[in-house]
Structure formats: C-alpha cells, structure tokens
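# Structural characterization, general
One-letter residues, chain by chain:
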Amino acid sequence: MSWLLTEDHKRIALLYLIVVTIFFGIGGMFAVFIRLQLSEPTGAMFDSNTYNKMFTMHGIVMVFFFLLPSIPATLGNFLIPLMIGAKDLAFPRINLLSWYIYIVGGLFTFYVLLSGGVDTGWTFYTPFSSSYSNGYVIAAGLGIFINGFSGILTGLNFIVTIHRMRAPGMTWFRMPLFVWAHYATSMIMILGTPVIAVTLFLLVLERGLHIGFFDPAYGGDPVLFQHLFWFYSHPAVYIMILPSMGVVTEIISTFSSKKPFGYTFIAFSSVAIAVFGFLVWGHHLFVSSQSVYAGMVFSVLSYIVAIPSAIKVFNWTATMYKGQVRLTTPMLYGIGFIGLFTVGGLTGLFLACLGMDVHLTDTYFVIAHFHYVMVGGAIMGYLGGLHFWWPKMFGKMYPAGWSKVSAIIIFVGFNLTFFPQFLLGYMGMPRRYAAYPVEFQTLNVLSSAGASILGLGYLIPLVYFMWSLKYGPPAPANPWGASGLEWKTASPPPTQNFEITPVVTTDAYEYSTEEVVEVG
Amino acid sequence: MDSDTAVVPHGVETHHTLKHHFENAEQQKDASTVGMWVFLVTEIMFFGGLFLAYFAYRQAYPAAFASASNKTNLWIGAVNTTVLICSSLTMALGVNAAALGKRGLLILFLVLTLLLGSVFLGVKAYEYHDKWVHHEVPGEHFECEGCTDAGHASLFFSLYFGMTGLHATHMIVGAGILLVLIFQAYKGKFTPEWHTPIELFGLYWHFVDIVWIFLFPLLYLIDRSGPGAS
C-alpha cells in the first residue's frame, strides 16, 4: 500500500516502469499479429476490419501509452532530482497524480481493447473517425485526452524542478545533458499536449453530440483536424527521441571516459529540436490539399531539423574518438542508437522533400522511417538507459553476457524487420493494407522473420532483469566509473536521495584519472 | 497539512507549511508560483486549439459568422462581462486582504468572488437554455432563422458552445476551489507570511477572466454596427 500512496519520485518512477512494460507487451502483441498477417499475401489470418483494429491498437498503445511516457516518466522521473542534487521533484503529489491519470487513461484503452477496438488508425482522421467508423472512438479518444494531462503534469513538474530545485553550485551549464534533453522534452509536453487534448475533445463532441467541427456534413473542414492533430503529433515524435538522445549522451560519455564533445552544442541542439519541431507539422499534409507554397515552406523547415540532429550525431562520434571505449551493454545500445537513428533521420530527409514525399506518402517507406526513429532510436535509448541505470535503480547487477547477446539480437532483429520495409515502400506497397500482391512476399517474410528475432531479443532482458532483482549481485554506488551526482549516492539511493545536499564545484563529466574498475 | 507542526518553532525559515524536499520557504513559494505560470501556459495552448479553429472558419465564412453572431444577446453578454470583471476585482482585493492578514476581509472577498462567479454561470445557463429553445444548438434540429449561409452558421454555434463551454467548465472548477479556500480561510490557515494558495488561485481566476475578455468580442461583437445589426 505504501507504494500506491508514495510521493517519492524514485518509487513513482518504478510504478511507471511496471505499467509502461505492460503496455509495451500489449503493443508488441499487436505487432506480432500484424507481422503474422503479412507473412503471406492473401491476408488469410484476419479479415480487413480486424486487421484495421490490430494496427490501430498497436499505434495507440505504443505511441500514447508506451513511447511517450517511457523514458521521461521512468528514467527522467528517477534521475532528474538525483542529477541536479534535489531531494525530490518540485511537486511530489502532482507526480503521483500524473501516474494515476495515466492509469485512468490506460483503463479507457483497456475498455476499448476488450469491447472490440477502434479501426481509425492512431491518427483518428475525420470524418471517418467522427461519422463513419464502427469502433469505440469516443472511449479511445477520451483515454488519450485523459492520458494527455498526465504528460502535461510531468512536463510541468520537470520544468519547475529544473528551474528551482538545483543544488547549490549546479548552474545551468553544469547540468548533465540528460537533464537538458528532458528540459526540451518538457517544453514540448506543456506546449503540444494541450492541443491534442482539445482536438480529441472536439472529435468526441462531433461524434457523440453532433456538434460539428470537422465533418463537411456539418460545414466543417477535415483538414483542420489534420493540422491540429499534427501540430502536436509531430512534436510528440521529439518527446520520444529527445530523452533517448539524453540517455545516449550520458552512456557515450561514460564509456568513453571523456567529456561529451561540444557540451553547449548538444544542450542547445536539444532546445533547437524542440523549437523547430513545432514548425514542421505541415509535412504530414503534403498531399492533403495544402497549398504548394505552404508545402515548400514546411519542406524547408523540416530539412532544418536535420541540423541539430546531425550536431548530436557528430558530437557523439567525436566523443568516442580517442576515448577509452568500453563495449559494455549500455554502450552497445548507445552505439546501436547512433547507427539506427542516423538511418531513421536521413530517410526522414527523403520524406521532407516535397516531390519525393508525394511518391512515398502512405507507403511502407514511411513506416520503416518512423520505426527506425521510434524503435531504433527511442526504444534502443530506453533499453540502453535501463541497462545503464538498472544497478542504480535496484542496487543489483544483471548478467553481462546475456545482456550483450540480447543487445546484439535486438540490433540484428530490428534491421531485418524494418530494412525490407524501406524497399517495400519504395516499390509502392501501401501501409495499412491487410493483403498485398505476391511479388512483395519475399521482403514481407524477411520482415516477419526479423520481427520474431526482435521479439526474442526483447524477452531476454525481461527474464534476466527479473532474475537480477532476486539473484543479481549487489551493485556498488558507481559500477561504471560514471561522473554524475546520481552515482555519488548509494544504490539504490536513500529516500532523501543524499545524506547531505551536495554542493557542486565543477562542470559535469569530470572523470577521475584513476583506472576504472571493470564490472559489467 | 502536517500533523507535527507544534514542535517546530515559529519563524520565517521554518514555517510549518514547508515541505520536506524544499530548502526554505522562499524556494517553496518560488516553485509554486513558477508551476502556476507554467500551468497557465498549458491552458493558453488548450484554448488555443479552439481559437485557431475559430479564426480559420471565420476567415473562410465571414458572412455566416457575422449573421450567426448577431443571434447572441448583446446585453446579456455585456452584463455578464461586467459581472466577471467585478469578480476579478474582488479576487484581487482578497489577495490583498490575505497579504495584510485580515481574515474577515479575505473571507468576505472570497465569498463575493464566488457569488459573482455563480451569477455569471447562472446567466450563461440561461443563455444556453435560450439557444436550446430556439434550435440554435448544432445537431439534427439546428435552425438559424435569417442567417446567411446557414450550413456554415452551425460552425459558429459549435465554436460558441465549445469555447464558452470550456470557459464555463473552468469557472465551475474555480468555484469548487473557492469553496475550499473559503473554508481554509475560515479555519485561519492563511497568514501574511504564507497565503500562496490564495495568490495562485488569483492568477487562475484572472486567467479565466481574460479568456472571457477575448471570447466576448469574438462571439458577440462581430457585426454589431453592420447592416445586419439588431
């Protein structure tokens, strides 16, 4: 019981970790169904309507209930106060409240799952969603609406904490870059999430009470829905990837035993991604009757996002250059992230290009692109972070051999799943179809085979993490020779985080010159 | 809130409302204030989606919006605006009374604010009822007598109900919080050193007020001097 009423940010983070993992399992189950269906061309396993529900539930669960809260609400929640030397987040009770709001939103989604699902796609485009769909659109919309407030409150809590709770001497430019990444993420959470909330609320009004906003039958314009939806949902992609970039920065620096190359550039590139992220939503509307002029502006703005993203990739690589690189499990995830995110980012440029995108819109090329960013980027970062801070969070070590093997299995499985989809999309296979022409079968079978390897890769950590909780050897305070404040306190940290409030006198990432003891 | 307050000696730095994770009262108050402002930013974005829809559709269908807007009751809207501005005045006076430690005045002004807020909501309910009776609620039975472009006039009323409805929801939440604050003020919980909830609620109340200051001209005053003016 003390767990369900706790106001300790570390315990709330673990509550989030449990529920986020459950949702990852559910979303993953739907991914399995999708890949099974597509392993042969006639689509014999489910009929089209059921298939529509499968990919919709996969999208809703993975985007809103797994990816968005994954790193911020678990690792961010646990680590931000520790990293800046605070006793807790600024508003511990609101932190607990956001977990409960997340649960209520999740229950709505469970209700939708059990009662028959939704078939609109996670994008809920009107007027199909508001007037024609036979699914439980209202319950699904309300679930996401409610869940939005959980994200808003988490972002608010982080911003106030970072502004007002830093330990003496912890200036803005002494903060770990993980904290900078979360500051930028929180900006998107508080500025973007209210917009999707009100948009889905209007959708519910239109569907439930026939108070029209988007359906042409009521005089409305469906494209307005797309504008409002993507005003949030494009920046939402950066809510997923920015925290992951923060994690990777910490990992790369620690296991190269070197300060991150270009601290201020990495810090400001996070903020730049958050700011530019709000100016590019129109690239989702290139073929939605948007004017060519608007399309050109959005196309150029989308290219600009590549600049801060590339700064980060170059800086991570430069950090490793001439560093003492140790290939621990977190580092394998970190390096994997750099490779996969680079592919995901560069293919994003194809899609930002107006002429190219007209050809590629709604094909598997888009699916492959955003899975490289969200799975290859965000989830690799999440798992890397989990492996990096697991000893700190639970005070237990996990088996180094198994974890390295699973990191490699995930990397291989991921590429085998999603790289064929680039080719499929380029050849013109559309997304969201339950069946396809025979000539696409080889690549689809490859993709499904890759998915089974990827699924296995995700199951192994689940097993050894559980194992480590009971049988894992105890973790020292700083098993990796890392530099942040979170490693200066015990593993797991005491309730008050630090015995005495730390006073910071140096920049972040000051590695001691002594030989680092290898543990992992 | 904390039960073990008696053992703490009274003083500015160790005030009994200081939560364990703050270093001092100043940091606690700072954090709460920043938190409230950030919350109001999220509120602006929340209303922002509706304002965007309003501007997009008004730009597209100016005639429909002008004629539908004239269906609203100018006088009732104007009186209600005055009532709401007065409630902001009483709220500001309440914050002042709290800062001066005048408990009786604080309670008086909070009650006045609650009363004025309730008057506003009552008048709003009357307006909604009036719209319902005249079939001006969007949906199957929607009619707009004498409207130009009735098909798009219903969009105006969708936005009218969406925007004023969201605003009224904020007023209702505010009224609920006011009840709690009045009770706490009656219990003597607020002091000149610590009355953060009163100050922060004041910010919220003024914000809701300002939203209405935008809604009133946008919904009631589009075309009052034009040829279709009543």
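Residues numbered from 1 in each chain as written. Chains lettered and ligands numbered in written order. Predicted model: local features only at pLDDT ≥ 70, side-chain atom pairs only at ≥ 80, totals over all residues.

### Quick notes on the overall build of chain B
Helix and strand counts for chain B come out as six helices and zero strands. At 22 Å, chain B has a C-alpha radius of gyration far larger than the 17 Å of a compact globule built from 230 residues. Seen through its principal axes, chain B has C-alpha atoms that stretch 70 × 30 × 30 Å. The proportion of buried residues among the 230 residues of chain B is 34%. At a minimum sequence separation of 6, the contacts of chain B that also span at least 24 residues come to 76%. (Helix = DSSP H or I, 4+ residues; strand = E, 2+ residues; numbered from the N terminus. Rg over C-alpha atoms; globule rule 2.2 N^0.38 Å. Buried ≥ 20, exposed ≤ 12 C-beta atoms within 10 Å, placed from the backbone. Contact = placed C-beta atoms within 7 Å.)

### What about the overall build of chain A?
For chain A, the helix and strand inventory stands at 14 helices and zero strands. The N-to-C order of helical and strand elements in chain A reads α-α-α-α-α-α-α-α-α-α-α-α-α-α. Its C-alpha atoms give chain A a radius of gyration of 22 Å, within 12% of the compact-globule value 24 Å for 520 residues. Its C-alpha atoms give chain A principal-axis dimensions of roughly 70 × 50 × 45 Å. Of all 520 residues assigned to chain A, the portion counted as buried reaches 57%.

### A closer look at the interface of chain B and chain A
Each partner contributes residues to the interface: chain B has 28 residues there, and chain A has 30 residues. Among the elements that make up the side of chain B that touches chain A, the one with the highest residue count is helix α1 (residues 25-60) of chain B (16 residues). For the side of chain B that touches chain A, the per-class residue count stands at 13 nonpolar, 13 polar and two charged. (Nonpolar A, V, L, I, M, F, W, Y, C, P; charged D, E, K, R; others polar.)

### What about unusual backbone geometry?
All names here are of chain A. Looking along the chain, the bond that leaves Thr 126 and enters Pro 127 is cis, with omega of -5°. Along the polypeptide, Pro 127 turns up in the loop between α3 (92-115) and α4 (128-132). Between Ser 491 and Pro 492 the backbone carries a cis peptide bond, its omega angle lying at -10°. Examined against the element boundaries, Pro 492 turns out to sit in the segment after α14 (441-471). In the Ramachandran plot, Arg 432 falls in the positive-phi region, its phi being about 65° despite a non-glycine side chain. By the secondary structure assignment, Arg 432 is in the loop between α13 (400-427) and α14. Assessed through the 15 C-beta atoms surrounding it within 10 Å, Arg 432 is described here as partly exposed.

### Digging into helix α5 (residues 137-164) of chain A
Between its first and last C-alpha atoms α5(A) spans 41 Å; for 28 residues at 1.5 Å apiece the expected length is 40 Å, and the two agree. Summarising burial for α5(A): 23 of the 28 residues are buried, a large majority. (Expected span 1.5 Å × (residues − 1).)

### Re the packing of helix α3 (residues 74-100) of chain B against helix α4 (residues 103-133) of chain B
Residues and elements named next belong to chain B. For the pair α3 and α4, interaxial distance at closest approach is 8 Å and the crossing angle is 160°. Taken together, α3 and α4 sit at an angle that is classed as roughly antiparallel. Every pair of crossing elements has a handedness; the one defined by α3 and α4 is left-handed. Per-class residue counts for the contact of α3 with α4 are 17 nonpolar, six polar and two charged. (Axes fitted to C-alpha atoms, helices over the stretch in contact; angles between N-to-C directions. Parallel < 35°, antiparallel > 145°, perpendicular 65-115°, else oblique. Left-handed = near helix turned anticlockwise from the far one by under 90°.)

### Things to note about helix α2 (residues 48-83) of chain A
Along an α-helix, residues three or four positions apart point the same way, because every turn accommodates 3.6 residues. All names here are of chain A. The end-to-end C-alpha distance of α2 is 49 Å, a good match for the 52 Å that 36 residues give at a rise of 1.5 Å each. Along its length, α2 shows its largest kink, about 55°, at Pro 69. Judged by how many residues are buried, α2 sits mostly within the fold: 32 of 36 residues are covered. (Bend = angle between axes of the 7 residues up to and from the residue.)

### Brief notes about the confidence of the model for chain B
Residue and element names in this part refer to chain B. Residue-level pLDDT values for chain B average 88, and 91% of them are 70 or greater. Between residues 1-14, whose pLDDT stays under 50, and residues either more than four places distant or in other chains, the model counts 10 contacts. For this predicted complex, the interface confidence score (ipTM) comes to 0.91, while the overall pTM stands at 0.93. (pLDDT = per-residue confidence, 0-100.)

### So, the nonpolar core
The nonpolar side chains of soluble globular proteins are, as a tendency, buried together. Among the nonpolar cores identified, the biggest contains 208 residues, and Ile84(A), Val179(A), Leu242(A), Phe156(B) and Leu159(B) are the most heavily contacted of them. If we skip the residues at most four places from it in the chain, Val179(A) touches Ile80(A), Met83(A), Ile84(A) and Ile162(A). (Core = buried A, V, L, I, M, F, W, Y, C linked by C-beta atoms within 7 Å.)

### A short note on the environment of Ser158(B)
Along the chain, Ser158(B) turns up in helix α5 (residues 150-186). Using a count of 30 C-beta atoms within 10 Å as the deciding quantity, one classes Ser158(B) as buried. Spatially, the C-alpha atoms of Ser158(B) and Val137(B) are 7.6 Å apart, while their sequence positions differ by 21 residues. Every residue in contact with Ser158(B), bar those within four places of it in the chain, is listed here: Ile211(A), Gly212(A), Phe213(A) and Pro138(B).

### Brief notes about the packing of α2(A) against helix α12 (residues 364-394) of chain A
In a packed pair of helices, the relevant descriptors are the angle between the two axes and the axis-to-axis distance. Residue and element names in this part refer to chain A. Between α2 and α12, whose axes approach to 11 Å, the crossing angle comes to 25°. The orientation of α2 with respect to α12, classified from their angle, is roughly parallel. At the point where α2 passes α12, the crossing takes the left-handed sense. In this structure, α2 uses Leu 67, Ser 70, Ile 71, Leu 75, Phe 78 and Leu 79 to contact α12, whose residues at the interface are Met 374, Ala 378, Gly 381, Tyr 382, Gly 385, Trp 389 and Met 393. Residue composition of the contact of α2 with α12, by class: 10 nonpolar, three polar and no charged.

### Quick word on the environment of Trp180(A)
You can see Trp180(A) is positioned in helix α6 (residues 177-209). Considered as a pair, Trp180(A) and Gly208(A) are 28 residues apart in the sequence and their alpha carbons are 42 Å apart.

### Description of the environment of Tyr382(A)
All names here are of chain A. Summarising the element assignment, Tyr 382 is placed in helix α12. Between the C-alpha atoms of Tyr 382 and Pro 243, which are 139 residues apart in sequence, the distance is 8.5 Å. Those residues in contact with Tyr 382 that lie beyond four places of it in its chain are Ser 70, Ile 71 and Ser 244.

### Examining the confidence of the model for chain A
Per-residue confidence for chain A gives a mean pLDDT of 93; residues scoring 70 or more make up 98%. Across residues 514-520 of chain A, confidence stays below pLDDT 50; counting only partners more than four residues off in sequence or on other chains, it has 10 contacts.

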